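A closer look at the structure
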Amino acid sequence: MQFELNENNALLKTSIREFLEKETPLAKSRPMMEETQEGFSKELYAELGDLGYLGLTLSESEGGGAAGVIGLAVVLEEMGRVAFPGPFLDLVLAEETLCRVKDQQASQFLQETVSGQKNVLLARSEALDDLERSSLQTRFDQDMIRGTKLPVSYGASADVLLVTTAEGLALVPRPEEGWKATSLPVLDHAQRFVEISLDSPGRLLTDKQRADTILKEVDQLGALGASALMLGLMEGSLELTLDYLKERKAFGRTIGSFQVLQHRAADMWIRMESSRSAVYRAAWALENSLEEASLLVASAKAYCGDSARFVCGETIQLFGGVGYTWEYDPHIYYKRVKTLEQLYGSTRNQLEAALQSQGI
Amino acid sequence: MDFQFSEEQQQFRMELRAWLKENLERPWIEELRDPKNDEKKLFDIRRSWQAKLHESGYLGIHWPKEWGGRGLTVVENAIFAAEAIHAPPIASRVGINLLGPALIHHATEEQRKRFIPKMLSGEEVWCQGFSEPDAGSDLAALRTRAEPDGDDFRLEGQKVWTTFAPWSDWIFVLARTDPDDRYGGITFFLVSLHQEGIEVRPIRQITGESEFGEVFFSGALAKREHMVGALGEGWKIAMTVLAYERGSMSLAHLARFDHYLKDLVEGVRENGSLQRADVREKIARLLVEKEVLRANGYRTLATLASGQAPGPEASLEKIFWSEYSRRLADGALDLLGLQAHLLVHSPHARPHMDWAQEALYSRAVTIYAGSSEIQRNIISKRILKLPSS
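Just so we're clear, the structure is a prediction, and the values are computed from it rather than from any experiment.

Before going further, it helps to examine the packing of aromatic side chains. Counting across every chain of the model gives 31 aromatic pairs over all chains. Taking the centre distance of 6.1 Å and the plane angle of 70° together, the rings of Phe319 of chain A and Tyr328 of chain A count as edge-to-face. Given a relative accessible area of 8%, Phe319 of chain A falls into the buried group. Aromatic pair Tyr58 of chain B and Phe80 of chain B: ring centres 6.0 Å apart, planes at 20°, arrangement stacked. With Tyr58 of chain B in the loop between α3 (39-55) and α4 (74-83) and Phe80 of chain B in helix α4, the pair connects residues that are 22 residues apart, well separated along the chain. Phe80 of chain B matches Tyr58 of chain B in its accessibility class, with the two residues each being buried. Among the aromatic residues, those joined into a ring-pair cluster are Phe115, Trp126, Phe130, Trp170, Phe172 and Phe188 of chain B. The side chain of Arg174 of chain A reaches across the aromatic face of Trp179 of chain A, ending 5.0 Å from its centre.

All names here are of chain A. For chain A, the assigned domains are domain 1 (7-114), domain 2 (120-206) and domain 3 (211-357). Centre-to-centre separation of domain 2 and domain 3, based on C-alpha positions: 29 Å. Residue-level contacts link 14 residues of domain 2 with 17 residues of domain 3. Both faces considered, domain 2 and domain 3 share a buried interface measuring about 1,300 Å² in area, 59% of it formed by carbon and sulfur atoms. Linking domain 2 to domain 3 there are 3 salt bridges. Here Arg124 and Asp219 are joined by a salt bridge, their closest N and O atoms 2.8 Å apart.

Right, let's get into the sheet that holds strand β1 (residues 120-123) of chain A. All names here are of chain A. Overall, mixed pairing links the 4 strands, which are arranged β1-β4-β5-β8 in an open sheet. Looking at the sheet topology across the chains shown, the edges are occupied by β1 and β8 (203-207). Each strand of the sheet is rotated relative to its neighbour by a mean of 25°, with strand direction disregarded. Alignment of strand β4 (residues 160-165) against strand β5 (residues 168-173), held across 6 bridges, turns out to be antiparallel. Within the sheet, the bridge partner assigned to Leu162 lies in β5 and is Leu171. Sheet strands touched by helix α5 (residues 88-98): β1, β4 and β5. Its angle to β1, the strand with the most contacts, is close to 85°. Helix-sheet contacts for helix α6 (residues 104-114) involve β1, β4, β5 and β8, and the interaxial angle to β5 is about 60°.

Once that is clear, we can look at the interface of chain A and chain B. Taken together, the contact between chain A and chain B spans 44 residues of the former and 41 residues of the latter. In this assembly, chain A packs against chain B so that about 4,100 Å² is buried in total across both faces, 68% of it on carbon and sulfur atoms. Its largest share of buried area at the contact with chain B, chain A owes to Met1, Trp269 and Arg281 of chain A, together 21% of the area lost on that side. Here chain A is connected to chain B by 5 salt bridges. In this structure, the salt-bridge partner of Glu273 of chain A is Arg299 of chain B, at a minimum N-O distance of 2.5 Å. Summed over the shared surface of chain A and chain B, the number is 16 residue pairs in polar contact (both at pLDDT 80 or more). Secondary-structure elements contributing two or more residues to the side of chain A that touches chain B are α7 (208-247), β10 (253-254), α8 (259-287), α9 (293-319) and α11 (347-357) of chain A. It is α8 of chain A that provides the largest number of residues to the side of chain A that touches chain B, a total of 16 residues. Looking at the side of chain A that touches chain B residue by residue, the classes come out as 21 nonpolar, 14 polar and 9 charged.

Moving on, we come to the sheet that holds strand β7 (residues 193-201) of chain A. Residues and elements named next belong to chain A. Here 4 strands make up an open sheet; going across it, the order is β2-β3-β7-β6 and the pairing antiparallel. The open sheet has two free edges, formed respectively by β2 (139-141) and β6 (179-184), since each of these has just one partner strand. Averaged over all pairs of adjacent strands, the angle between strand axes in this sheet comes to 15°, irrespective of strand direction. Strand direction decides the pairing type here: strand β3 (residues 144-153) and β7, joined by 8 bridges, are antiparallel. The residue bridging Gly147 from the neighbouring strand is Leu198, located in β7.

As a further point, take the pairing of β7 of chain A. With 6 bridges joining them, β6 of chain A and β7 of chain A adopt antiparallel strand pairing. Opposite Ala181 of chain A, over in β7 of chain A, you have Ile196 of chain A as the bridge partner.

With that settled, consider the side chain of Arg276 of chain A. For Arg276 of chain A, the location among the structural elements is in helix α8. Within the local environment of Arg276 of chain A, its side chain forms a polar contact with the side chain of Glu235 of chain A, the two groups lying 3.5 Å apart. Each residue touching Arg276 of chain A, except ones within four places of it in the same chain, is listed here: Phe3, Glu77, Leu231 and Glu235 of chain A together with Arg299 of chain B.

All names here are of chain B. For chain B, the assigned domains read domain 1 (7-91), domain 2 (126-233) and domain 3 (247-383). In this structure, domain 2 and domain 3 have C-alpha centres spaced 31 Å apart. Here domain 2 and domain 3 share an interface that buries about 400 Å² over both sides, 61% of which is from carbon and sulfur atoms. At the boundary of domain 2 with domain 3, the tally comes to 0 salt bridges. The interface formed by domain 2 and domain 3 contains 0 residue pairs in polar contact (both at pLDDT 80 or more). Broken down by class, the residue content of the side of domain 2 that touches domain 3 amounts to 1 nonpolar, 2 polar and 1 charged.

Here is what the cut-offs are and how they apply
- Residues numbered from 1 in each chain as written.
- Chains lettered and ligands numbered in written order.
- Predicted model: local features only at pLDDT ≥ 70, side-chain atom pairs only at ≥ 80, totals over all residues.
- Heavy atoms only, no water.
- Phe/Tyr/Trp six-rings, centres within 6.5 Å; stacked < 30°, edge-to-face > 60°.
- Buried < 20%, exposed > 50% of the residue type's maximum accessible area, 1.4 Å probe, protein only.
- Helix = DSSP H or I, 4+ residues; strand = E, 2+ residues; numbered from the N terminus.
- Lys NZ or Arg CZ within 6 Å of the ring centre and 35° of its normal.
- Domains from an automatic or database assignment.
- Contact = heavy atoms within 4.5 Å.
- Buried area = accessible area lost by both parts, 1.4 Å probe.
- Salt bridge = Lys/Arg side-chain N within 4 Å of Asp/Glu carboxyl O.
- Pairing = 2+ DSSP bridges.
- Axes fitted to C-alpha atoms, helices over the stretch in contact; angles between N-to-C directions.
- Polar contact = N/O pair within 3.5 Å; in protein donor to acceptor, adjacent residues only side chain to side chain.
- Nonpolar A, V, L, I, M, F, W, Y, C, P; charged D, E, K, R; others polar.

As structure tokens, then:
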């Protein structure tokens, strides 16, 4: 029994925190979210590539950092804490898909993603709800991919798409024509969703069966990653709240001295710390490929979703009126969390997955 | 990061399982259901079970060997608690779990020699004299006085919510030795209940049982040789006791909750509602929260196993398991309906689970060992550093 991070991961935590606090405090990252078309800084992502953070989970022979699932959770937690903008987790998931496919072109794109030169992203969903569908409408036929994917997170900035089709997983480098990306403005103004209509040349990488196996593994990592992000978002949001409670005065005293607010802050902390236990236990189980990983990952994602919604919502409430202004930061956290509840396996689908993992 | 038991710990668990199979004649729920067993008889069963455990070295598992313990860690102790959920609770639970650590940390060699062996064997059963009618959550407001009488002290006052008081032989008491010093005026005494000047009255609880009672002191003797720590150190010692009361018990609760949730799932399978979406969502959340609770429990255990004393984080664990136990029992009463209201000896009652008792008892757990409100005070002051009013 040990809860502490090992030396490597502790070091990883210190370095990524230092980097993020210097490069992307919200004062610097909000202009990226709010004033750029991409929603993030490509230069910063290239720097993440140089520093080895892209490709974090890949093996050393693939040019990665071999940081494992726990290492990934550490980095994503820190990114959540500062509400780091852009498709970091999506790139990791695309890499994890590429490295499971034995294919020369896939390997080449993998290298270019790891170094930050290219953005490869998965395009899977074909609907805006989270209902399960028996078949995909997107088709692969005679070296052409035809169909519509939505939403694709940060899809407008993709250089290559990994597209799921009824026939299997296809690789679609961005062509000059035949790739129509329509922006879908959404609740989280830092997010960039697009709808992509494809009528483009591409290659089938694997058949449907193999694709399903690969993506099932990738989905576990996605759910775990989203949970770690939400843990970090709770931390960042609670830090904002505590600073405010300690400085804001009303009725002649600091509002943090009111017991009613203290207990609400305590509840936020309880949710956050319990999420931490759940995230790292799930990360540990996934890293060691334990049988209980599917229950633990589903549990972590569902619990972090409920908790982050609560914590980041409370932050807005405890800030009062200014918490509802564009200028203050609580909405950045709240909005990110709302999206993460839905993506990477929605809360209700994770609840069902938890039951099924136990034969219920 | 490591959330599993070592090979030696697994081995300990397997041996214990085999031992329990051999030695536990009847599950505790059967004893409770047996009309021949009144409260006195039930307590005797607990006492003889404790003696059996003691003989085989399954008490004080994480205590040093020199004090009759097994010399293992809190992890093995937690494994024991989890494996033994169908066994009778031991008679001197309060003594072993709460007073034991206080004696090991704060008592003299002679006091340990005098009290620990008989506590382990069950020969002497202990109860806790902390709360008073006007000192519950605000424990430092306690007013029971210890007046000097020669070398010794005489106690005047009243304790309440004293678990097992009607069956106990000894009580550990927080008493005021200085009326003007709120925290520094409290001293920790070990006091015999079998003497003049003590009256014990049972209190009937909402379950109908009288597991706890009141203890009245009018001139009862508290010997100086039975004072733990120095004069005025009682508060410090009490904090050790409370930290142990709050921490490290998650695994035992979890083993119960695993069993309870299994019964709930079986119940909704039997009544045909398992495929209803509302039922599934409710059960899924209970399942998920139980795993979060387990993660919190392993985390606390890891901290304790590394040799650190339970800190304010123990409040997180206490709040989580106690509030979960209410959600679980409420969930069962919702989803199983009146079947879950049936008392254990009623026809049609669920054979392996006493939901009615559990639902009522879950209202106590968020009050005892520091109420949920006190735990939130501890978190907001000591961890979040929010200012005092």
